[in-house]
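Listed below are the residues making up each chain.
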Amino acid sequence: MKLSFSGEDEQFREEVATWLQHNLCGEFESIRFRGGPGDEHMFVEERKAWERKLYEGGWTCIGWPKAYGGRGASIEQQVIFNEEYARAGGPGRMGHIGETLTGPTLIAFGTEAQKQRFLPGILRGEELWCQGYSEPSAGSDLANVKTRARFDEASAQWKISGQKVWTSLAHESHYCFVIARTDPDSVGHRGLGFFLVAMDQSGVDVRPIEQLTGTSEFNEVFFDEAVCGPDDIVGAPGDGWKVAMGLLGFERGVSTLGQQMLFQNEFDEVVRAAKANGAARDPAIRQRIADAHVGLRIMRANSMRMLSGGGEDGSLQKEAMIYKLYWATWHRNLGKLAMDVLGAEGEILEGAPYRLSRLQSMYLFTRSDTIYGGTNQIQRNIIAERALGMPREPRG
Ligand SMILES: Cc1cc2nc3c(=O)[nH]c(=O)nc-3n(C[C@H](O)[C@H](O)[C@H](O)COP(=O)(O)OP(=O)(O)OC[C@H]3O[C@@H](n4cnc5c(N)ncnc54)[C@H](O)[C@@H]3O)c2cc1C
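No experiment lies behind these values; they were computed from the predicted model shown. (Residues numbered from 1 in each chain as written. Predicted model: local features only at pLDDT ≥ 70, side-chain atom pairs only at ≥ 80, totals over all residues. Heavy atoms only, no water.)

A. The arrangement of the site of the ligand in detail. Near the ligand you find 17 residues, and of these Ser134, Ser140, Trp166, Thr375 and Gln377 are the closest. Between a nitrogen atom of the ligand and a side-chain N or O atom of Ser168, the distance comes to 2.9 Å. Between a nitrogen atom of the ligand and a side-chain N or O atom of Glu393, the distance comes to 2.8 Å. Expressed as a share of its isolated accessible area of 970 Å², the protein-covered part of the ligand is 67%. When residues of the shell around the ligand are traced back to their parent elements, those giving at least two are β3 (157-168) and α11 (376-387). Here the residues of the shell around the ligand are counted per class, giving six nonpolar, 10 polar and one charged. (Near = heavy atom within 4 Å. Polar contact = N/O pair within 3.5 Å; in protein donor to acceptor, adjacent residues only side chain to side chain. Areas by Shrake-Rupley, 256 points an atom, 1.4 Å probe, with all protein chains shown as cover. Helix = DSSP H or I, 4+ residues; strand = E, 2+ residues; numbered from the N terminus. Nonpolar A, V, L, I, M, F, W, Y, C, P; charged D, E, K, R; others polar.)

B. Molecular detail of the pattern of salt bridges. With the rule as written, the count across this model stands at 20 salt bridges. Here Lys48 and Glu172 are joined by a salt bridge, their closest N and O atoms 2.9 Å apart. Of this pair, Lys48 sits in helix α2 (residues 44-56) while Glu172 sits in the loop between β3 and β4 (175-181), and the two are 124 residues apart along the sequence. Judged on exposure class, the residue Lys48 and its partner Glu172 are both buried. (Salt bridge = Lys/Arg side-chain N within 4 Å of Asp/Glu carboxyl O. Buried < 20%, exposed > 50% of the residue type's maximum accessible area, 1.4 Å probe, protein only.)

C. Quick look at the nonpolar core. Formed by 26 residues in total, the largest nonpolar core has its most connected members in Trp129, Tyr133, Phe177, Phe194 and Leu196. Mapped onto this core, the elements with two or more residues apiece are α4 (96-109), α5 (112-123), β4, β5 (192-198) and α6 (240-252). In this structure, Leu296, Met306, Tyr323 and Ala328 belong to the second largest nonpolar core, which totals 25 residues. (Core = buried A, V, L, I, M, F, W, Y, C linked by side-chain atoms within 4.5 Å.)

D. A look at the packing of helix α9 (residues 323-342) against helix α10 (residues 358-366). Their axes nearest at 8 Å, the elements α9 and α10 cross at an angle of 140°. Classed by the angle they form, the pair α9 and α10 counts as oblique. Crossing geometry of α9 relative to α10 is assigned as left-handed. Along its contact with α9, which presents His331, Arg332, Leu334, Gly335, Lys336, Ala338, Met339 and Leu342, the element α10 presents Leu359, Gln360, Met362, Tyr363 and Thr366. Of the residues assigned to the contact of α9 with α10, the class counts are seven nonpolar, four polar and two charged. (Axes fitted to C-alpha atoms, helices over the stretch in contact; angles between N-to-C directions. Parallel < 35°, antiparallel > 145°, perpendicular 65-115°, else oblique. Left-handed = near helix turned anticlockwise from the far one by under 90°. Contact = heavy atoms within 4.5 Å.)

E. Representation of the layout of surface pockets within the structure. Approximately 190 Å³ is the volume found for the second largest pocket. Forming the boundary of the second largest pocket are Arg288, Asp291, Ala292, Thr329, Trp330, Asn333, Leu334, Lys336 and Leu337. For the lining of the second largest pocket, the elements supplying multiple residues, two or more each, are α8 (283-308) and α9. Looking at side-chain class alone, the lining of the second largest pocket contains four nonpolar, two polar and three charged residues. (1 Å grid on protein atoms, 1.4 Å probe; cavity = no way out; pocket = protein on both sides within 12 Å on 5 of 7 lines; lining within 4 Å. Points joined across faces, edges and corners; volume = space filled by probe spheres on them.)

F. Structural view of a nonpolar patch on the surface. Taken together, the side chains of Val294, Ile298 and Tyr326 define a hydrophobic patch exposed on the protein surface, amounting to about 240 Å² of accessible area. Its location among the elements puts Val294 in helix α8. You can call Val294 partly exposed: its relative accessible area is 43%. (Patch = residues over 30% accessible without salt bridge, like charges linked within 9 Å, V, L, I, M, F, W, Y side chains within 5 Å.)

G. A look at the side chain of Asp152. Locating Asp152 in the fold gives a position in strand β2 (residues 148-152). Taking the relative accessible area as the measure of exposure, Asp152 reaches 15% and is therefore buried. There is a polar contact of 2.6 Å between the side chain of Asp152 and the side chain of Ser155. The residues contacting Asp152, other than those within four sequence positions of it, are Gln157 and Lys159.

H. Structural view of the environment of Gln264. Here Gln264 lies in helix α7 (residues 260-277). With residues up to four places along the chain from it excluded, the contact list for Gln264 reads Leu296 and Arg297.

I. Quick peek at unusual backbone geometry. Within the chain, Cys61 stands out as a residue other than glycine whose phi angle is a positive 50°. Mapped onto the secondary structure, Cys61 falls in the loop between α2 and α3 (75-87). Looking at Cys61, the relative accessible area reads 1%, which means it is buried. We note that Glu225 has phi near 55°; this positive angle belongs to a residue other than glycine.

J. Up close: α10. Of the positions making up α10, those classed as buried are Leu359, Gln360, Ser361, Met362, Phe365 and Thr366. Among the structural elements, α7 and α9 are those in contact with the buried residues of α10.

K. Focus on α2. Taking 1.5 Å per residue, 13 residues should reach 18 Å; α2 reaches 19 Å between its end C-alpha atoms and fits that length. Listed as buried for α2 are Val44, Arg47, Lys48, Trp50, Glu51 and Leu54. All buried residues of α2 fall inside an arc of 155° around its axis, so they share one side. Exposed side of α2, more than 90 degrees from the buried face: Glu45 and Glu56 are the residues found there. Buried residues belonging to α2 abut α1 (7-23) and α3. Downstream of α2 by a residue or two, Gly58 has a phi angle that is positive, lying close to 80°. (Expected span 1.5 Å × (residues − 1). Arc of directions from axis to C-beta.)

Function cannot be inferred from these measures alone, as they are strictly geometric.
Structure (structure tokens):
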């Protein structure tokens, strides 16, 4: 197993760190360490400007092929970029859904015309995307989507009707990729389509969902005969499931590999708080801090193990399947530890909208880590069925 990065990769690390040092300052100083999980509603305009700055430096979409404006960076380099980004306090990315989900999906499954039309806007950090998968009765059981897409011969356009829910950053997005049923008589994963839908139109109604924090990161999105062009479907009508699953592979894979540095920052803050208020003298808290430290090292070792093997096509190996379950559970526990370190002080807030400290905000957001991107139970099913080859669970 590989235990460190190559000399060439370390040189790349130097390049990233130097660029961040020279650019994540001045007008961008205020957004360092901001806009991350639980803080997405903050500094939105500044973070949009930061996306454009990243583009000017050639630091958006680095994993995309050069032909589409990326750097063709290896998985190792993408991890290094994310590590250095977090270490420098790089703000929560506004363009991450387009960069890590839409882009790779279009590159893998889209037509050349779709790539030419949609990839440049993502690359430049100008066009933001959201993910229209979940519905009130389709979350873990995604194949149960009810949103319909009908091809209207008269206008030669697709017309989409239905409801999506938990749509992160829909209120800031220019486009949404939507899974909808192209065959009204179909059930399950057959008869679906994967659509690229513009948000700025009368058939799309975005309604924010207020969270525990008093803020709204995600939304309900209602489609009422929303239109998209005949060419704005990725793959053939009825083949949307294949595309949708390809995209989830990107969501659970490389895009989260570099986040340990972000976790390290949070962990360090918990330790600082424990030292400052004396909680670090409590043996039970010390034990949990040590466990959290061990968990971080395990995550690091597991990332290196994942980077050591994998398919020639750049796909990750089977061990990658434990990654989401491991980090989500670790992070949720860190949130609990932070609250126990803060003690009663962590539980007192004045009226909404609450002014949360970073640790309080982290605690609240970590409750969702074991839900989004596939719940812990679903991750266990994936490990059992796909990694261990156990019998599939009965499907209704
Ligand atoms: C912060 C956040 C952001 C999100 N952003 C987006 C977004 O941008 N776009 C989007 O489309 N969705 C988004 N989601 C939705 C997310 O994908 C779903 O919440 C998730 O897939 C779970 O679906 P559900 O909420 O309907 O829960 P359900 O699927 O109803 O699950 C309820 C419970 O039952 C368990 N369960 C369900 N099926 C099984 C099974 N087969 N075996 C064992 N246990 C099972 C689950 O693990 C869970 O504990 C977001 C969610 C969160 C929390």
